[in-house]
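Structural overview for review
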There are 2 protein chains.
Amino acid sequence: MTQCEDHEECISTAIERADRICFQKQLKFTDLRKEILRLIWEGHGPQKAYDLLNKLQKTNPSAKPATVYRALDFLIKNGFIHKVASLNAFVGCSHPLKHKECYFLICDDCKNISECCDPNITAAIQATTAQNEFSAKNTTLEISGHCNECLKQI
Amino acid sequence: MTQCEDHEECISTAIERADRICFQKQLKFTDLRKEILRLIWEGHGPQKAYDLLNKLQKTNPSAKPATVYRALDFLIKNGFIHKVASLNAFVGCSHPLKHKECYFLICDDCKNISECCDPNITAAIQATTAQNEFSAKNTTLEISGHCNECLKQI
DNA sequence: TTATGGGGTGTGATATTGTAACGTTGTTGG
DNA sequence: CCAACAACGTTACAATATCACACCCCATAA
Ligand SMILES: [Zn+2]
Ligand SMILES: [Zn+2]
Ligand SMILES: [Zn+2]
Ligand SMILES: [Zn+2]
């Protein structure tokens, strides 16, 4: 499920990275936003908004849907997480600021999700948009199927 | 909005094509399924399920959400339409059976949507999935931005 | 012929996902 | 301090999607 070695470290690395970036960019990384980001990374996979809400309510019983969605909006807008449109779920970005165009491999079996941000894909997409005289603002590329680990187990 | 010359013909072409394919593949292209496909093509753009339901209720007052979703499932499963995950909407496929991998350019202004199924993109994606030892079953590629027509009008 | 089974549909209820609106609180810069 | 604005609390609601169960139709087999 999680392919990291030490997941506690994996989480805290992500939080600290966000903390640093928010400081640099003068963004308000409030406790609430930090908590949602932590919950997303704790899952280390696509997390559903209402699952996050349930978890948040453990420490913040008065939390409401809007509480979660507003934090998610902030985190998405600033590149700390991505929305996975095909799953209606949210996943932490492993390299915020590097680039906007993140592509995903989603395993239908183990639900693991990994980024596969190949520049060759970006180039191919750019060539196509150019050819169509289309000015691209946002790209959603989500590939579902079976990961290597799960294929082995069959 | 619609870039076709004669939209009535555009619609009927799509319906007849589906009719033919269903006959060949022994699929049951019922009146209901045909009507939903027609409604989707009449919009000639991404159509929302509940808008389709409202339209369907004009001729079929007792239609319910499940009525629409079941027809959509059939149409998707057999390649006649695609779900646009980033919009929660459904769009007719302009070339059913040709290939499964359809990519979309979605204009945020005029809401027009066009398929841009470039083999170079497919190749780039395949190279990446192969490199990640990932067995891809389904690809969602949706590019939002501004189309040529809308850019001109600024 | 009747029995049987499966696919498609009708129908009501419910689950899941996401927003709008408005007031309050807190921070920040003048 | 005060004004402005962002963040948050809270309520209500909208939008999207699925489940469960009954019923009908039709093809096939007994
Ligand atoms: Zn990313
Ligand atoms: Zn897997
Ligand atoms: Zn298509
Ligand atoms: Zn346009």
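Scroll up to find the structure this text is about.
Residues numbered from 1 in each chain as written. Chains lettered and ligands numbered in written order. Predicted model: local features only at pLDDT ≥ 70, side-chain atom pairs only at ≥ 80, totals over all residues. Heavy atoms only, no water.

1. Some details on helix H3 (residues 49-59) of chain B
Residue and element names in this part refer to chain B. Those residues of H3 lying buried are Ala49, Leu52, Leu53 and Leu56. Considered in projection along H3, the buried side chains sweep an arc of 105° and stay on one side of the axis. On its buried face, H3 is in contact with helix H2 (31-43), helix H4 (65-77) and strand S2 (89-92). (Buried < 20%, exposed > 50% of the residue type's maximum accessible area, 1.4 Å probe, protein only. Helix = DSSP H or I, 4+ residues; strand = E, 2+ residues; numbered from the N terminus. Arc of directions from axis to C-beta. Contact = heavy atoms within 4.5 Å.)

2. Brief notes about the protein's contact with DNA strand D
The full set close to DNA strand D counts 17 residues, and A:Thr30, A:Arg70, B:Lys48, B:Tyr50 and B:Lys83 are the nearest of them. Those atoms of DNA strand D that come within 4 Å of the protein belong to sugar or phosphate at a rate of 46%. Contacts to DNA strand D include B:Tyr50, whose side-chain N or O atom sits 2.5 Å from a base nitrogen. Note that a phosphate oxygen of DNA strand D is positioned 2.5 Å from one of the side-chain N or O atoms of B:Lys83. Only helix H2 (31-43) and helix H4 (65-77) of chain A together with H4 of chain B provide two or more residues apiece to the surface near DNA strand D. A per-element tally of the surface near DNA strand D places H4(B) first, with four residues. Looking at the surface near DNA strand D residue by residue, the classes come out as six nonpolar, four polar and seven charged. (Near = heavy atom within 4 Å. Polar contact = N/O pair within 3.5 Å; in protein donor to acceptor, adjacent residues only side chain to side chain. Nonpolar A, V, L, I, M, F, W, Y, C, P; charged D, E, K, R; others polar.)

3. Quick look at the relation of the copies chain A and chain B
Each copy of the sequence occupies a distinct position, and chain A is placed on chain B by a rotation of 179° and an axial shift of 0.0 Å, giving an RMSD of 0.1 Å. The transformation relating the two chain copies, once decomposed into turn and shift, fits a two-fold axis. Of the C-alpha atoms belonging to chain A, the one lying closest to the rotation axis is found on A:Leu141, 2.2 Å away. When the interface residues of chain A are mapped onto chain B, 100% of them are again interface residues, pointing to one common binding face. (Least-squares fit on C-alpha atoms with pLDDT ≥ 70 in both.)

4. Thoughts on the coordination of the zinc ion (ligand 1)
Residues and elements named next belong to chain A. Taken together, His82 (NE2), Cys93 (SG), Cys102 (SG), Glu115 (OE) and Glu115 (OE) make up the protein donors of the zinc ion (ligand 1), found 2.2 to 2.6 Å from the metal. Counting the intervening residues between successive donors of the zinc ion (ligand 1) yields the motif H-x10-C-x8-C-x12-E. Taking relative accessible area as the criterion, cysteine 93 reaches 2% and is therefore assigned buried. (Donors = N, O, S within 2.8 Å, 3.2 Å for Na, K, Ca; no water.)

5. Quick notes on the interface of chain A and chain B
Counting from both sides, the interface comprises 33 residues of chain A and, opposite them, 33 residues of chain B. At the junction of chain A with chain B, the criterion picks out zero salt bridges. Our enumeration of links across chain A and chain B arrives at twelve residue pairs in polar contact (both at pLDDT 80 or more). Listing elements by their share of the side of chain A that touches chain B, those giving two or more residues are strand S3 (103-107), helix H5 (119-131), strand S5 (135-146) and helix H6 (148-152) of chain A. (Salt bridge = Lys/Arg side-chain N within 4 Å of Asp/Glu carboxyl O.)

6. Regarding the packing of aromatic side chains
For the structure on display, the rule yields six aromatic pairs over all chains. Relative to B:Tyr69, the ring of B:Tyr50 lies with its centre 6.4 Å away and its plane at 65°, an arrangement referred to as edge-to-face. Separated by 19 residues along the polypeptide, B:Tyr50 in helix H3 and B:Tyr69 in helix H4 bring together distant segments of the chain. Assessed through its relative accessible area of 36%, B:Tyr69 is described here as partly exposed. Ring centres of B:Phe74 and B:Phe80 lie 6.5 Å apart, and the angle between their planes is 35°; on these two criteria the pair is classed as tilted. Classification of B:Phe74 as buried rests on a relative accessible area of 9%. Taken together, the ring pairs in this structure connect A:Phe29, A:Phe74 and A:Phe80 into an aromatic cluster. For the cation-ring pair, A:Arg33 lies above A:Phe74, with the distance from its terminal atom to the ring centre recorded as 3.9 Å. (Phe/Tyr/Trp six-rings, centres within 6.5 Å; stacked < 30°, edge-to-face > 60°. Lys NZ or Arg CZ within 6 Å of the ring centre and 35° of its normal.)

7. Quick look at the side chain of A:Thr128
Counting through the fold element by element, A:Thr128 comes out in helix H5. Residue classification places A:Thr128 among the buried residues on the basis of a relative accessible area of 2%. Discounting chain neighbours no more than four positions away, the residues touching A:Thr128 are B:Cys116, B:Asp118 and B:Ile121.

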